[in-house]
Amino acid sequence: MVRGAASAGGQTGGVREDRIRSVVLSKWAPYAPALPSTHVRFLPLAPYLDEARRDERVRDELAAGWFADFEAEFRDPVLSDPITELVTVCPPMMHDIVEPEPPRIQRAYVEGAFLRRLFRLLVDGTGWEADAQVRGVMARHFPFQLVAVEAVEGAAHSSA
């Protein structure tokens, strides 16, 4: 099931927000029948940032002082909550992250960022252990998407 609506902005550059939603939904479709209680929703930037502040992982990062300016520095366009089985995607943030990348990398990043959080709902464990399990699954089954996510994220960290 898909809930929520996204804003109309971000229509310039390579991957438009409506295309981001389409790519996410196409990646979600094969998993939906196997995960009937899981929902995917799309949020505009401001509500997404509010939701992110309530995310357990993000709260830990905030408490650790990882962000001097959360709104400007937070760059994780997909959240997942294993308890509520909800995956939340922010197309405007994802657009801003991938817009400078080559088109093929853009799609791979969108797919990889979504699958990485979706798979958090499918593995045992929490924290870094779950992250390691998800990374292993992606390395075996979605290596190009994993490399795209890690490359785009690495570029963001090296330019900060």
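To be clear, the structure that these remarks concern was listed above.
All values reported here derive from a predicted model rather than from experimental measurement.

Give a description of the overall build of the protein that names residues and reports values.
A tally of helices and strands in the protein yields eight helices and four strands. Relative to its full complement of 160 residues, the protein shows a buried share of 41%. Within the protein, residue pairs in contact and separated by at least 24 positions form 62% of the contacts whose partners lie at least 6 positions apart. Of the roughly 8400 Å² of accessible surface on the protein, a fraction of 56% belongs to carbon and sulfur atoms.

Lay out the pairing of strand β4 (residues 86-89) in plain terms, naming residues and giving numbers.
The side chains of a regular strand alternate between both faces of the sheet. Burial along β4 is two-sided: Leu-86 and Thr-88 and Val-87 and Val-89, pointing in opposite directions, are all buried. One ladder, built from four bridges, connects strand β2 (residues 39-42) with β4; its direction is parallel. Considered in β4, the bridge of Phe-42 is made with Val-89. Direction of pairing for strand β3 (residues 78-81) relative to β4: antiparallel, over a ladder of four bridges. Bridge pairing in β4 links Ser-80 to Val-87. Where β3 folds back on β4, the antiparallel hairpin that results is connected by four residues, among which Glu-85 adopts a positive phi of roughly 55 degrees.

Any chance you could break down helix α3 (residues 56-63) for me, citing the residues and the numbers?
A distance of 3.1 Å separates the backbone nitrogen of Arg-57 from a side-chain oxygen at the start of α3, and that oxygen is part of Asp-55. Residue Gly-65 follows α3 closely and has a positive phi angle near 80 degrees.

Requested: an account of the pattern of salt bridges, with residues and values cited.
Pairs can form between side chains of opposite charge once their charged atoms are near each other. Summed over all chains, the structure comprises 12 salt bridges. For the salt bridge of Arg-107 with Glu-111, the shortest nitrogen-to-oxygen distance reads 2.8 Å. Of this pair, Arg-107 and Glu-111 both sit in helix α6 (residues 103-118), four residues apart, roughly one helical turn. Judged by relative accessible area, which is 34%, Arg-107 ranks as partly exposed. The class for Glu-111 is buried, based on a relative accessible area of 8%. Each of Arg-57, Glu-61, Asp-76 and Arg-117 takes part in salt bridges that share partners, so that together they form one network.

Describe the nonpolar core, and please don't skip the residues or the numbers.
Side chains that are nonpolar tend, in soluble globular proteins, to be buried together. The biggest cluster of nonpolar side chains holds 41 residues, and the ones touching the most others in it are Phe-74, Val-89, Phe-114 and Leu-118. When residues of this core are assigned to their parent elements, the largest contribution, six residues, is made by α6. Beyond its immediate stretch of four places on either side in the chain, Val-89 contacts Val-24, Val-40, Arg-41, Phe-42, Leu-43, Tyr-48, Pro-77, Val-78, Met-94 and Phe-114.

I'd like to hear about the packing of helix α5 (residues 91-98) against α6, residue by residue, with values.
The interhelical angle for the contact between α5 and α6, taken along N-to-C directions, is 140 degrees, at an axis separation of 10 Å. Accordingly, the angle class assigned to the pair α5 and α6 is oblique. Handedness of the α5/α6 crossing: right-handed. Across from Met-94, Ile-97 and Val-98 in α5, the residues of α6 making contact are Gln-106, Tyr-109, Val-110 and Ala-113.

Can you break down the packing of aromatic side chains residue by residue, with the values?
All chains considered together, the criterion is met by six aromatic pairs. Ring geometry for Tyr-31 versus Phe-119: centroids 5.7 Å apart, planes at 70 degrees, classification edge-to-face. Remark: Phe-119 occurs in the loop between α6 and α7 (127-141) and Tyr-31 occurs in the loop between α1 (17-28) and β2; sequence separation between them is 88 residues. On the accessibility criterion, Tyr-31 (21% relative accessible area) is partly exposed. Consider the rings of Phe-70 and Phe-74, whose centres lie 4.9 Å apart with planes at 25 degrees: the pair is stacked. Accessibility assignment for this pair places Phe-70 and Phe-74 in one class, buried. Taken together, the aromatic side chains of Tyr-48, Phe-67, Phe-70 and Phe-74 make up a single cluster linked through ring pairs.

Cut-offs and rules
Residues numbered from 1 in each chain as written. Predicted model: local features only at pLDDT ≥ 70, side-chain atom pairs only at ≥ 80, totals over all residues. Heavy atoms only, no water. Helix = DSSP H or I, 4+ residues; strand = E, 2+ residues; numbered from the N terminus. Buried < 20%, exposed > 50% of the residue type's maximum accessible area, 1.4 Å probe, protein only. Contact = heavy atoms within 4.5 Å. Areas by Shrake-Rupley, 256 points an atom, 1.4 Å probe, with all protein chains shown as cover. Pairing = 2+ DSSP bridges. Polar contact = N/O pair within 3.5 Å; in protein donor to acceptor, adjacent residues only side chain to side chain. Salt bridge = Lys/Arg side-chain N within 4 Å of Asp/Glu carboxyl O. Core = buried A, V, L, I, M, F, W, Y, C linked by side-chain atoms within 4.5 Å. Axes fitted to C-alpha atoms, helices over the stretch in contact; angles between N-to-C directions. Parallel < 35°, antiparallel > 145°, perpendicular 65-115°, else oblique. Left-handed = near helix turned anticlockwise from the far one by under 90°. Phe/Tyr/Trp six-rings, centres within 6.5 Å; stacked < 30°, edge-to-face > 60°.

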